[in-house]
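Here's the letter readout for the chains.
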Amino acid sequence: MIFVPLPVMAAGVSFDQTRVQDLKFGLVCGSDTDETIAAPDTATGTVQVRQDWQKIVAETQTIPLVKGLALGVDMRPVAPRVLNNVRITVTHPPFIGSELTQDSWTANMTPKGSNLNFFEFEHPYEFVEGTWTFEARKGFRTLYSVTFQVVDPALLPQLAGVCDGVSLTS
């Protein structure tokens, strides 16, 4: 077995440069879509289907805890590789009234276009500040890991309102 070290981009960010050619992370504006897919390893049992207009609107690892905002990671695999059944895991402080500290689902990654995965703050039990980590794995190999700090929105007023006026349906 060959060990490939994960280079560090910034504190709390690493990725496998033999598999990942582009990595972006930060704040994503949520969507009011009801379109979901099954994700039994999440608190709700589903994840939202990403809308075409959704993207990272602010590259940051510090996310204000605001209903409708999301933290996310977008990556492209090294071409021409397509990565199917990538396991996305979000590790977070325990949800309110629960001991749940992880949500996970599978996604497919292509070298063209966006492969954005995100966690949107929607339900009151999800409103927990602290360290949140996004990790993508293909088999036993970590593709990327990004650590976020989710904080009181009063600490980041310039980001807390970044999605104000953004259409949640267009």
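Here is a short report on the structure shown in this document. (Residues numbered from 1 in each chain as written. Predicted model: local features only at pLDDT ≥ 70, side-chain atom pairs only at ≥ 80, totals over all residues. Heavy atoms only, no water.)

So, on to the side chain of Q54. Mapped onto the secondary structure, Q54 falls in the loop between β5 (46–48) and β6 (56–58). Using a relative accessible area of 1% as the deciding quantity, one classes Q54 as buried. From its side chain, Q54 meets the backbone oxygen of C29 in a polar contact 2.9 Å long. Excluding its chain neighbours within four sequence positions, the residues that come into contact with Q54 are V28, C29, G30, S31, V49, L116 and F118. (Helix = DSSP H or I, 4+ residues; strand = E, 2+ residues; numbered from the N terminus. Buried < 20%, exposed > 50% of the residue type's maximum accessible area, 1.4 Å probe, protein only. Polar contact = N/O pair within 3.5 Å; in protein donor to acceptor, adjacent residues only side chain to side chain. Contact = heavy atoms within 4.5 Å.)

All right, on to the pattern of salt bridges then. Inspection of the entire model under this criterion finds 3 salt bridges. Two residues, R76 and D22, come together in a salt bridge whose shortest N-O distance is 3.6 Å. Taken together, the positions of R76 in strand β8 (residues 69–77) and D22 in strand β3 (residues 20–29) put the pair 54 residues apart, joining distant regions of the chain. Between D41 and R87 there is a salt bridge whose closest N-O contact spans 3.5 Å. Of this pair, D41 sits in the loop between β4 (36–38) and β5 while R87 sits in strand β9 (residues 83–91); the two residues are 46 residues apart in sequence, bridging distant segments of the chain. (Salt bridge = Lys/Arg side-chain N within 4 Å of Asp/Glu carboxyl O.)

Any functional reading would require information beyond the geometric quantities listed.
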